[in-house]
Amino acid sequence: MARLALGCCIVPQTRLENDRIRAARRVIDPVFLDTPLYRCEALEPGLGCMVSIKLETANPVRSFKARGTEVVASLLDGNGPRAVVCASAGNLGQALAWSGRGRGLEVTVVASRFAPAAKLDRIRALGARLELVDGDIETARERAAAIARSQGIRLVEDSLDIETCEGAATIGLELTDTAPSFDAVLIALGGGALATGVGHVVKTRAPGVEVICVQPLGAPAMTHSWRQRRVVTTDSTSTIADGVAGRYPIPAVLDDLLLVADDAVLVQEASIIAGMRMLLDHAGLVVEPSAALGIAAILEDRDRFAGRHVVTIVCGSNVDADAYRSEERRVGKECRSRW
């Protein structure tokens with residue numbers, strides 16, 4: 001595991017660079033920066049530990065993704081193609097549409113027709129051209145790449161494009177600048193931009209903090225890859241947490257994750273639903289399933305976190321209400337009997 005000693009800190013030798021992360025703050029619209037970070041005491045009796053929330057939903061696209069798309073769009077503004085395309089489960093597409101609209105870029109988003117309707121509607125409302133495909137996010141990625149090749153436009157690849165990781169890494173700067181001492185940070189794990197970005201900064205500036213990535217049991221490819229230290233793919237996914245439901249980990253992103261993550265854990269659907277319910281009932285937060293993964297991890301392993309100060313990144317709130325109600329009915333009895 002390649003790391004570089006720098007004073008009292010150990011700097012992980014990932015693709016990310018600290019100078020670029022600091023520069024990213026200067027090009028990201030301030031509406032996405034310096035997001036709330038606060039201790040949520042109302043959650044603590046049910047979780048058995050001190051919990052602080054880093055809230056990434058109080059912005060125009062309701063997720064952290066615009067931190068990365070702002071960096072991408074700033075590089076294209078006046079320098080490069082005026083059109084971009086991406087594949088998205090919903091949140092990246094909204095973020096790229098928002099960042100592109102402000103800079104006069106033509107944005108095309110490819111998504112699964114089975115993606116949450118609320119997310120698809122927001123992509124259209126933000127002025128992007130939306131193309132729907134049969135299949136999942138991996139099918140959408142293939143189509144987006146084909147469009148980029150045929151039209152000669154920029155393909156934005158979440159997590160592979162370093163700008164998306166370094167934009168997300170600015171969350172880590174804010175955590176380590178403003179948080180009181182904390183013991184662990186729980187990060188939703190999908191493609192890896194959030195986990196590698198925040199993980200890189202935390203391990204650079206607060207190496208004693210445990211970086212724990214959390215993924216649904218029904219979409220485990222990146223977690224299996226981290227555990228086996230090689231890319232592991234899956235044939236399908238089955239989870240309410242659509243925002244982290246990839247099947248094909250990116251090798252370069254996995255290499256970074258191996259350097260910055262202390263652990264990667266899988267959680268059950270019932271725990272995710274219970275986490276969403278706790279955030280609503282005790283924190284007044286309506287969140288999408290991916291944003292509840294950190295709470296789900298605590299629920300499933302209370303002994304591990306007992307007496308510790310844990311930060312969880314609430315990363316999105318683009319909720320499909322109908323899907324949530326349907327899933328809640330399916331697993332609600334299990335949630336209530338367990339918690």
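Attention in this report is confined to the structure presented alongside it. (Residues numbered from 1 in each chain as written. Predicted model: local features only at pLDDT ≥ 70, side-chain atom pairs only at ≥ 80, totals over all residues. Heavy atoms only, no water.)

**Focus: the sheet that holds strand 3 (residues 37-39)**
With respect to topology, six strands assemble into an open sheet ordered 3-4-12-9-10-11, the strand pairing being mixed. Of all strands in the sheet, those bounded by a partner on one side alone are strand 3 and strand 11 (263-267). Shown here is a sheet whose adjacent strand axes are inclined to one another by a mean of 25 degrees, direction ignored. Bridge count between strand 9 (residues 184-188) and strand 10 (residues 210-216): five bridges; the pairing is parallel. The residue bridging Val-185 from the neighbouring strand is Val-211, located in strand 10. (Pairing = 2+ DSSP bridges. Helix = DSSP H or I, 4+ residues; strand = E, 2+ residues; numbered from the N terminus. Axes fitted to C-alpha atoms, helices over the stretch in contact; angles between N-to-C directions.)

**Thoughts on the layout of surface pockets**
Each pocket or cavity is described by its volume, and for the largest pocket that value is around 710 Å³. Ile-137, Arg-141, Asp-158, Ser-159 and Gly-191 are, among the 42 residues lining the largest pocket, the residues nearest its centre. It is helix 6 (residues 137-151) that provides the largest number of residues to the lining of the largest pocket, a total of five residues. Classifying every residue of the lining of the largest pocket by side-chain character gives 22 nonpolar, twelve polar and eight charged. (1 Å grid on protein atoms, 1.4 Å probe; cavity = no way out; pocket = protein on both sides within 12 Å on 5 of 7 lines; lining within 4 Å. Points joined across faces, edges and corners; volume = space filled by probe spheres on them. Nonpolar A, V, L, I, M, F, W, Y, C, P; charged D, E, K, R; others polar.)

**What to know about the pattern of salt bridges**
Any two side chains of opposite charge can pair, so long as their charged atoms come close to each other. Following the criterion strictly, the structure yields 29 salt bridges and no others. When the shortest N-O distance is used, the salt bridge between Asp-34 and Arg-25 registers 3.3 Å. On the basis of relative accessible area, Arg-25 is assigned to the partly exposed category, the value being 27%. Put simply, Arg-304 and Glu-210 hold a salt bridge, and the shortest N to O gap is 2.8 Å. With Arg-304 in helix 13 (residues 302-305) and Glu-210 in strand 10, the pair connects residues that are 94 residues apart, well separated along the chain. Residue classification places Arg-304 among the partly exposed residues on the basis of a relative accessible area of 24%. Overall, the relative accessible area of 18% leaves Glu-210 in the buried class. (Salt bridge = Lys/Arg side-chain N within 4 Å of Asp/Glu carboxyl O. Buried < 20%, exposed > 50% of the residue type's maximum accessible area, 1.4 Å probe, protein only.)

**Notes on the environment of Arg-230**
Turning to its location among the elements, Arg-230 is positioned in the loop between helix 9 (221-228) and helix 10 (251-260). Residue Arg-230 is classed as partly exposed on the basis of its relative accessible area, which comes to 48%. Put simply, Arg-230 and Pro-251 are 21 residues apart on the chain and 7.9 Å apart in space, counted from C-alpha to C-alpha. If we skip the residues at most four places from it in the chain, Arg-230 touches Ser-225 and Leu-254. Among the polar contacts listed, one links the side chain of Arg-230 to the side chain of Gln-228, at a separation of 2.7 Å. (Contact = heavy atoms within 4.5 Å. Polar contact = N/O pair within 3.5 Å; in protein donor to acceptor, adjacent residues only side chain to side chain.)

**What about helix 5 (residues 117-125)?**
Along helix 5, the residues classified as buried are Lys-119, Leu-120 and Ile-123. Buried residues in helix 5, looked at end-on, bunch into an arc of 100 degrees, giving them a common side. For helix 5, the elements touching its buried residues are helix 4 (91-102), strand 6 (106-112) and strand 7 (129-133). Of the residues one or two after helix 5, Gly-127 is the one with positive phi, at around 95 degrees. (Arc of directions from axis to C-beta.)

**So, the packing of aromatic side chains**
Counting across every chain of the model gives one aromatic pair. Their ring planes at 90 degrees and their centres at 4.9 Å tell us that Phe-32 and Trp-98 sit as a pair that is edge-to-face. Taken together, the positions of Phe-32 in the loop between helix 1 (18-27) and strand 3 and Trp-98 in helix 4 put the pair 66 residues apart, joining distant regions of the chain. Given a relative accessible area of 17%, Trp-98 falls into the buried group. (Phe/Tyr/Trp six-rings, centres within 6.5 Å; stacked < 30°, edge-to-face > 60°.)

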